[in-house]
Structures are given as structure tokens and as C-alpha cells.
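Summary of the model geometry
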Amino acid sequence: MSAPAAAPAPPAEPSERISPGAGELWRRVRGPAAFIAALLVLAVLMSLGAREPREGPLEPEGPNPEGSRALVQILRDRGSDVTVARTTEDALQAAGPGTVTVLAGSHRLPRDQVGRLADGLGDRILVRPTTPALEALAPGVRTTGRTEEQTLRPRCGLAAARAAGAADIGGEVYTVPQGGRGCYPAEGGHALVRVTGGHTTTVLGSPAPLTNADLAGEGNAALALSLVGERDVVWLRPDPVPEQGQSGLWDLVPLSVRMSLVPLCAALVLLAFWRGRRLGPLVTERLPVVVRASETTEGRAGLYAARRARDRAADALRSGTLRRIRPALGLGPDTAPGAVVEAAAARSGMRPSHIGALLYGPGEPGTADPYTADDQGLVRLTDELDGLEGRLR
């Protein structure tokens, strides 16, 4: 007979498998960890270098619909040097004989700075200027109203307007002074006025031809580029003037409202005095009914019963008993509990431990009071207190 075949070796138990060491684990994860770390570093560097563009009406860097980034980029691509000025000083330094200044946001300029611009700027384009800006930079031009018609035709001999044709320039309209030229007429005035004196001043009643949203519509782009010409541009978009100090709530109240508080306070004082005189001195009167003293006790007992406040009811019973027996024992109200218990035990012949539990409750903290476990215990406390008080009389 042939020898039996050898039995196959049993598989190794899972507990006998060798787990990878720390070095092997690090070799596995270091590649993904380095990739994630590189991504984080790149994201941080890109966030540090990123800068949010300014947005706002006629903002030269603003990509928003009301901004003018598209027009500024076209001017730069055409070869014009566009300088963005945020203050009056920057605009005066950048302006020169061969430049034209676009004033957007004249409401941010104080009156004294507007006067300085009138003396230092060359040719200028005023976009919907304020009244002080009109008086200083375009003498003789006055605002006469506003037109609701958006698209207007030039109907004038100005070369820039004739080349552009119809444009979305409807907005505020102005008077044309003597020697000036008006284009895009509407009811009450003209939406574009040009005054030529020592310098050429062009007043636009609407910012629409310069904005990103409307630049491609009608002849807006042609009008804006024709008004600028081949010159360099100083785009003055002033920053808001910082507030000087802070105003309190009282300073924000109109003067008329503050003055009205004086007669109001006087009227309140007179009303209080009149009502006080009518009341007169206090007069004592007898109660219309007689209330029994036991009703107060019964009312408090009903409240204790409704809230199941046996502990408070027991305290009220014990304090009343102590208040009555101390004078009978010749003790004062500040006598220690131990002295009261000894005197009551000596007079009544009862055990001191029983009297202490009866008058002061359980002696040790956390011990349950047998008299407040249920209503029968509270009744038993009342009976025993009455019995103790009867013995001490």
C-alpha cells in the first residue's frame, strides 16, 4: 500500500499577518500628502495676489454693468494713456495741455476742491455734474429738468455728435449759454452741451454712453470715443470724503423736532400738576366688608395643597409654634435651636430627639422628613405641635 499524501498546511490565522510599519505607511501617503500641500500653498499664494476690482457707477476698473472698464480698455488699446485719479491733487498733477479729464462722481467733491479743478484742468467732460460743479467748471450752463426719453438724435453741427448719430444720452437736460453748442435736444433743453472758452467743457446729461452695459448700443461708443479724440485721458473718480467726527443720535434729530419738545415737556408738567391738584390729600375709609382672619389662613393652606408644598406648609406650622412657645419658655427670638429643645424637653418631659424633629425637622442634611411624606404626616405634625404647645402652657 502506498503512503498517505501529506495533509496541506493550514492557512495562517489573520492575527499572524505582519502589519506594515511606520516607514512603509509614510512611503504610501507621502505622495498624496505632498500633492495636497502643494495645492494649498498655490491657493494661498493666488489668494494673496488677487485683488477685487472696484465696482460702482462709471468706475474705470469696474466690470459691473454700471462701470466703464470696457471704454477704458478700448481707449488704452487705441493708444490713449488713461490715468485713474482718486483725488483732486492726483487729477491736477496728471492733467496737461494734451489731456482731457472725465469727471465722474462730482457729488463726492467738496466746493473748495471743485474750485481748484476749475483753475487747473484743461479740457474736461462732465458726466451728470452737480450744481456746484456746473457753476465752477461750466459757467452759464444750468440744469432745466429731465427727459424720460432714452435715445435721442443729435440735431446739431458738432462733429462728434454727427459721427455718432443717435445715442442713449437721455437724462438731465441743460440750457445752452451764449457761445455754446447744444446737441441731443429734448423737452426743456439739451442732453449734451459744449462750452468753449479757455478750455473746452462738455456736459453729458446721462452716464449711459460710457457704461459697460450700454457702450455697444446705438452710437454710444462712437460718441464717447469722438468726445475724447486722440488725447490722453485723466479719469477722475473721487473717493468718498472721510467723515469728520461722529454724530450722535441727538445730532441727527431735526432742529424743528428738538424745538417741539420744549412745549411738549411744559404741557406734560402742567398736566401732571393739574391732575395732582385734583387728587387732593389721602382720606382713610372703613372697609365695606369685614374679612375673617381665618380666611387668610385657609387661602394659604389651599395654595400649599394645590402645589403639594408640604415642606413649606410644615415650615409655616413649625415657625408659628416656635414664635408662640419661646416667650412661654423665657427665651428670646435669637435663641439657638439646641437651647429651645432642651428647655422644651425639661418643661414637657418629652424626649429631646423627638422635640427636635418636631420643631426643626430632621437634624442631618439629606434625611427625609417623615411629617412631609404625605398629607397624613402633615396632619400628624399639626396634632403633635398642638399637644406640645398645650404641655408648655
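Residues numbered from 1 in each chain as written. Predicted model: local features only at pLDDT ≥ 70, side-chain atom pairs only at ≥ 80, totals over all residues. Heavy atoms only, no water.

An unreviewed UniProt entry lists the chain under the name DUF4350 domain-containing protein, with Streptomonospora halophila as the source organism.

**A look at the overall build of the chain**
Summing up its helical and strand segments, the chain has 14 helices and nine strands in all. Buried residues in the chain amount to 32% of all 393 residues. Of the contacts formed within the chain by residues at least 6 apart in sequence, a portion of 61% connects residues at least 24 apart. In the form shown here, the chain has an accessible surface area of approximately 25,300 Å², with 57% of it arising from carbon and sulfur atoms. (Helix = DSSP H or I, 4+ residues; strand = E, 2+ residues; numbered from the N terminus. Buried < 20%, exposed > 50% of the residue type's maximum accessible area, 1.4 Å probe, protein only. Contact = heavy atoms within 4.5 Å. Areas by Shrake-Rupley, 256 points an atom, 1.4 Å probe, with all protein chains shown as cover.)

**Overview of the state of the cysteines**
Defined simply, a disulfide is a covalent bond joining two cysteines at their sulfur atoms. A complete count under the given rule lists one disulfide for this structure. A sulfur-sulfur separation of 1.9 Å characterises the disulfide bridge that pairs Cys156 with Cys183. Its S-S torsion of about 95 degrees marks the bond between Cys156 and Cys183 as right-handed, since a negative value means left-handed. With Cys156 in the loop between strand S4 (143-146) and helix H6 (159-164) and Cys183 in strand S6 (residues 181-186), this pair connects stretches of sequence that are 27 residues apart. (Disulfide = S-S within 2.5 Å.)

**Notes on helix H7 (residues 220-228)**
All of the buried residues along H7 are Asn220, Leu223, Ala224, Leu225, Leu227 and Val228. Downstream of H7 by a residue or two, Gly229 has a phi angle that is positive, lying close to 75 degrees.

**Comments concerning the confidence of the model for the chain**
Taken over all residues, the pLDDT of the chain has a mean of 83, while the share at 70 or more is 89%. Low pLDDT, under 50, characterises residues 1-19; the predicted model gives this stretch zero contacts beyond four residues in sequence or across chains. (pLDDT = per-residue confidence, 0-100.)

**As for the nonpolar core**
Among the nonpolar cores identified, the biggest contains 34 residues, and Leu71, Ile169, Tyr184, Leu192, Leu223, Val233 and Trp235 are the most heavily contacted of them. Contributing elements (two or more residues each) for this core: helix H2 (69-78), strand S2 (99-104), strand S3 (123-127), H6, S6, strand S7 (189-196), H7 and strand S9 (232-236). With five residues, H7 is the single largest residue contributor to this core. Filtering out sequence-adjacent residues up to four positions away, Leu71 remains in contact with Leu210, Leu215, Ala224, Leu225 and Trp235. (Core = buried A, V, L, I, M, F, W, Y, C linked by side-chain atoms within 4.5 Å.)

**A word on the pairing of S3**
Counting buried residues in S3 gives five out of five residues, a clear majority hidden from the surface. Residues Asp123, Ile125 and Val127 line one face of S3 and the alternating positions Arg124 and Leu126 line the opposite face, and both faces are buried. One ladder, built from four bridges, connects S3 with strand S8 (residues 200-204); its direction is parallel. Looking at S8, one finds that Arg124 is bridged to Thr201. (Pairing = 2+ DSSP bridges.)

**Quick word on the side chain of Thr202**
Summarising the element assignment, Thr202 is placed in strand S8. Not counting residues within four places of it along the chain, the set of residues in contact with Thr202 comprises Arg124, Ile125, Leu126, Leu192, Val193, Arg194 and Leu227.

**So, the side chain of Ser68**
Secondary-structure assignment places Ser68 in the loop between helix H1 (22-49) and H2. Only 3.0 Å separates the side chain of Ser68 from the backbone oxygen of Leu210, close enough to count as a polar contact. Every residue in contact with Ser68, bar those within four places of it in the chain, is listed here: Leu58, Glu59, Pro60, Gly62, Leu210, Thr211, Asn212 and Trp235. (Polar contact = N/O pair within 3.5 Å; in protein donor to acceptor, adjacent residues only side chain to side chain.)

**Thoughts on the pattern of salt bridges**
Evaluated as defined, the whole model comprises eight salt bridges. Among the ionic pairs, Glu59 bridges to Arg86, the shortest N-O distance being 2.4 Å. Within this pair, whereas Glu59 is found in the loop between H1 and H2, its partner Arg86 is found in the loop between strand S1 (82-85) and helix H3 (88-94), the two being separated by 27 residues in sequence. Neither Glu59 nor Arg86 differs from the other in exposure class; each is buried. When the shortest N-O distance is used, the salt bridge between Asp123 and Arg231 registers 2.6 Å. Note that Asp123 is positioned in strand S3 and Arg231 in the loop between H7 and S9, a separation of 108 residues in sequence. (Salt bridge = Lys/Arg side-chain N within 4 Å of Asp/Glu carboxyl O.)

**Overview of the packing of helix H11 (residues 310-329) against helix H12 (residues 337-348)**
With their axes 11 Å apart at the nearest point, H11 and H12 run at an angle of 70 degrees to one another. Judged by the angle between their axes, H11 and H12 are roughly perpendicular. Judged by the sense of rotation from one axis to the other, the crossing of H11 with H12 is left-handed. Note on element contacts: H12 touches H11 through Val340, Ala343, Ala344 and Arg347, opposite Leu322, Arg326, Ala328 and Leu329. (Axes fitted to C-alpha atoms, helices over the stretch in contact; angles between N-to-C directions. Parallel < 35°, antiparallel > 145°, perpendicular 65-115°, else oblique. Left-handed = near helix turned anticlockwise from the far one by under 90°.)

**Points about the pairing of S2**
Most of S2 is tucked away: six of the six residues are buried. Here S2 shows no split at all, with Thr99, Thr101 and Leu103 on one side and Val100, Val102 and Ala104 on the other all buried. Taken together, the five bridges between S2 and S9 define a ladder with parallel strand orientation. By the bridge assignment for S9, Thr99 is matched with Asp232. Direction of pairing for S2 relative to S3: parallel, over a ladder of five bridges. Bridging across to S3, Ala104 finds its partner in Val127. Crossover handedness for the path S2 to helix H4 (residues 111-120) to S3: right-handed. (Right-handed = clockwise from strand over helix to strand, strands pointing away.)

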